Structure formats: structure tokens, C-alpha cells
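Overview (structure and organization)
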Amino acid sequence: MKHFLIITAAALALLCASACKQDKAEKDFNYIVQVFTGGWNNRNYETADIIARIDTLSRLIPIEKVIIGWNLDPAPYKEIGEFLHSKDIQMILWLPVFSETGEITDCELSVDLWGKAPASYALQEGENFTFFCPSSEKNIAGFISIYETWFADCGFDGVFIDKIRSQSFLAGTSGILSCGCDRCKALYAEKGVDIDGIRHACETQGDAFFSKGNRQLDSFLKAKAEIVSESVGKICDWFHDKGMIVGMDLYAPLMAEFVGQDYEALSQMADFIKPMLYRRTEAPAGIGFEYRLMKDSIPEAEGYPEIVTDLEFLKDQLEYISHASCDKYPGIEVNYREEFARTDPDYIKESIQAVKDAGFSGAVLSWDIMLAPDSHISCLQ
């Protein structure tokens, strides 16, 4: 009996320790929320409404940061920043890098390997998905100028850089096979990639060029990611030199390499990353949406089975992300849009629980909490 009691006590101690550990993990799980204030020139919301919404949410869930942008009016950010800082919440500026910027500064377009600009796509005001060359110093300088001109004195704690990629299969294979300007061609050559040979292979092989395991495709995508990463690194260094946090919007691992995003390289430059694990989004960055575009663009390519973006799929993507070397806050869409984001509380709860179970310290409630029904937030309590 004595030995039984000792064993039982030990077992209870283990159970208590396990429970405490789980409870601490729950308490340490924090949220970042996003607010899309509108495109450069048209505001979506009144300042008071944004503050009231965040205030309400902060009473329901622990909010660590607010990602907000990218309307050009500085006044709301200053007022919102004062409110957030009074609650010990960081304010992070949301800005696109290689898309949208051409609307307010002179940029050099991205072109495909045949010298043509990939097709654009208009999702909503301020998001037209026209892409600009990632290697252009002019484009990088233009992006930094946008920050300095409109946002530098607003009190931001950091910047969240979006559109750090090429066009996707949204423009067919043309979007993937970019940028092919003379400057980028020279950079590919330095990396041992013959762009003329890539173009010829694509023309002669057709869809087969995009089959998994094609060494020419792999070499192109690897070099493309290096070009994107090198430019993104310059932007990160600039903001880090100012003592600012840098977050990144990334495609889900399944599709990231096609748009020039290397998780390992980018995570070494960032303070945190937000992989867009959008399983209910029928729009750019929606996983199923992008995968179907790929299948439609290269129907004869081999190595791309049909997928189901269920819970097991989400767990696989989280496992890949777990190896990134910076803080990781997977993005789960909580806003509801009848036309392209039909989310619900069960989906959100399932997704967030998977993020917690994977050992992550938080998640981003994307991509506009102003459009999230109350039930999509209260379900997280």
C-alpha cells in the first residue's frame, strides 16, 4: 500500500506538471490582428471605429500587435498608436512592396521571360496585384520613400511587408516565369542559370517543364527566390537600423517556391513571419484557389495530385513552418466575405487549435478584423 501511495503521488505530480504546462501554453498564446484601412487614397473606416473594435477585441483575447495599413492619411495612425501603446500593444505598419506601390511612385514593371508584363488582378480598391521588378534599386528606393514621406512620424513600432514575391499562377505561367528584365537576366546568369535556355525549355517542353523534379525549373525557382530574398534583405536592414520590428506576409509553403519565397532565407531576416494559411479564401493567397490556378495553367505537368485543405493538410503546413528561424504567427482568415471568404466559428476554432497544438506562440487574425463577425472572435475565448 505504501509503494502504491508513492507511485500515485508521483503520477499526480506528473499530471499536475503537465496540466500547468498546458495552462501556461494557453496563457502564453497571443494574437496579432490585422486592419486594412483601405488603399492608398480611400479610407475604409473611421478612426473611432477602429479603436472601438480593437478595444472590444482586447477584452476578449490577448492582443500583442496590430498590423494596420496602408491608407496614406497619417492622422488615424497617430491616434490609434496612442491608444494601442496605452494598452501595451505594438502598432505595425502594413505595406506592400513589389505590388501596388506603382500607384503612388514611379516603379519598374516586372516582365516575364518573353519581355511581357504578367496579367494583373483587381481584388478590391488598393489591391490590384500588378507586380514590379524585385531586383530594381529604384523600386526598393521608391518603397522606402513611401514610408518616409507618409508614415515615418506616425509612431509605428515596426513594418509588416506584404507582396514580397512575384506574380503567381494568377497570370498563368507568365507570372511564375518572372522577372525577365535585362537586369534580372544578368543576376540569373551570375547564379548559373541561363534564362535563354530556360525559355527554350519551356517553349519546347510545354507543361512538362513544370513537372516536379525538372532540374531546370528547380534551378530557376531557386535563383528567383535568391533575387527576391536579396532585395527583401536590404529592406529589412533599413528598418532594423532604425530599431524597428520587421514582419513578413508569406505564401503557404505549398505554393511559396513558385512565387520566389524561400522560408529559410526570409525567416533569418524577419522578426516574425505570417504564413497565409487561408483554407477558405477563394482569392489570391487562398491555398485551394492558388493550387487550382496552377493545375489549370499546367494541366499536363506531373507531380501535382489533387489536394484537400483539411485539418491534416493544415498540420502538415504547420510542421514545415515550425522549422523557420524567427517567430511564427500563422495567419488564419477570420473576416467573412460572402464572395470569397466564407469562414465560420468552427473553422476558426479548428485552425487556431491546430496552431496551438503545433507549439506556436500565437496567430494572426487575418486579414481585416473590421470584417470579422463577433462570433468569429468570441469562439476563441
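Nothing here was measured: the structure is a model prediction, and the numbers come from that model.

Time to look at the pairing of strand β5 (residues 245-250). Of all six residues that make up β5, six are buried, and the element is covered over most of its length. Residues of β5 alternate between two faces, with Ile245, Gly247 and Asp249 on one and Val246, Met248 and Leu250 on the opposite face, all of them buried. Across four bridges, the pairing between strand β4 (residues 158-162) and β5 is parallel. When the sheet's bridge partners are listed, glycine 158 is paired in β5 with isoleucine 245.

Take the pattern of salt bridges next. Opposite charge on two side chains allows them to pair when their charged atoms are near. Counting across every chain of the model gives 22 salt bridges. One salt bridge in this structure joins lysine 87 and aspartate 55, with 3.4 Å as the shortest N-O distance. With lysine 87 in the loop between α3 (74-86) and β3 (90-96) and aspartate 55 in helix α2 (residues 47-58), this pair connects stretches of sequence that are 32 residues apart. Given a relative accessible area of 33%, lysine 87 falls into the partly exposed group. Look at aspartate 55 and you get buried, because its relative accessible area is 19%. Connected through salt bridges with shared partners, the residues Lys191, Lys222, Glu226 and Glu230 form a single ionic network.

Per-residue pLDDT for the protein chain has a mean of 93; in total, 91% of the residues score no lower than 70. This stretch, residues 1-25, has a pLDDT under 50; its non-local contacts, to residues over four places away or in other chains, come to zero contacts.

A word on the sheet that holds β4. Taking strand neighbours across the sheet as the criterion, the nine strands line up as β7-β6-β5-β4-β3-β2-β1-β9-β8 in an open arrangement whose pairing is parallel. The sheet terminates laterally at β7 (327-328) and β8 (331-333), the two strands that pair on one side only. Along the sheet, α2 contacts β1 (30-36) and β2 (63-69); its crossing angle with β2, the most-contacted strand, is approximately 155 degrees.

Where helix α6 (residues 182-190) meets helix α8 (residues 215-240), the closest approach of the two axes is 10 Å, and the angle between their N-to-C directions is 115 degrees. Taken together, the axes of α6 and α8 are roughly perpendicular relative to one another. Relative to α8, the crossing made by α6 is right-handed. On α8, the residues that touch Cys184, Leu187 and Tyr188 of α6 are Phe220, Ala223, Lys224 and Ile227. Taken together, the residues that form the contact of α6 with α8 break down as six nonpolar, no polar and one charged.

With respect to the element layout, cysteine 107 can be found in the loop between β3 and α4 (137-150). Accessibility expressed as a relative area gives 14% for cysteine 107, which makes it buried. The spatial distance from the C-alpha of cysteine 107 to the C-alpha of alanine 270 is 25 Å, given a sequence separation of 163 residues. When residues no more than four places from it in sequence are discounted, the contact partners of cysteine 107 are Thr101, Gly102, Phe132 and Asn139.

As for its placement among the helices and strands, lysine 65 is situated in strand β2. Side-chain polar atoms of lysine 65 contact the side chain of glutamine 90, separated by 3.3 Å. Setting aside its immediate chain neighbours within four residues, lysine 65 contacts Tyr31, Ile32, Val33, Ile89, Gln90, Ile92, Ile245 and Phe272.

Quick look at unusual backbone geometry now. Look at the link from glycine 69 to tryptophan 70: it is a cis peptide, with omega at 0 degrees. Of note, the bond from serine 178 into cysteine 179 is cis; its omega dihedral lies within 30 degrees of zero at 5 degrees. Relative to the assigned elements, cysteine 179 resides in the loop between α5 (173-176) and α6. Positive phi is not limited to glycine here, since glutamate 100 has a value of about 70 degrees. With a relative accessible area of 1%, glutamate 100 lands in the buried category. Even without being a glycine, lysine 163 presents a positive backbone phi close to 55 degrees. With a relative accessible area of 4%, lysine 163 lands in the buried category.

Moving on to the side chain of threonine 343. Summarising the element assignment, threonine 343 is placed in the loop between β8 and α13 (345-357). There is a polar contact of 3.0 Å between the side chain of threonine 343 and the backbone oxygen of asparagine 335. Among the polar contacts listed, one links the side chain of threonine 343 to the side chain of histidine 376, at a separation of 3.2 Å. Ignoring anything within four residues of it in the chain, the contact list for threonine 343 reads Arg280, Glu333, Val334, Asn335, Tyr336 and His376.

Procedures and definitions
Residues numbered from 1 in each chain as written. Predicted model: local features only at pLDDT ≥ 70, side-chain atom pairs only at ≥ 80, totals over all residues. Heavy atoms only, no water. Buried < 20%, exposed > 50% of the residue type's maximum accessible area, 1.4 Å probe, protein only. Helix = DSSP H or I, 4+ residues; strand = E, 2+ residues; numbered from the N terminus. Pairing = 2+ DSSP bridges. Salt bridge = Lys/Arg side-chain N within 4 Å of Asp/Glu carboxyl O. pLDDT = per-residue confidence, 0-100. Contact = heavy atoms within 4.5 Å. Axes fitted to C-alpha atoms, helices over the stretch in contact; angles between N-to-C directions. Parallel < 35°, antiparallel > 145°, perpendicular 65-115°, else oblique. Left-handed = near helix turned anticlockwise from the far one by under 90°. Nonpolar A, V, L, I, M, F, W, Y, C, P; charged D, E, K, R; others polar. Polar contact = N/O pair within 3.5 Å; in protein donor to acceptor, adjacent residues only side chain to side chain.

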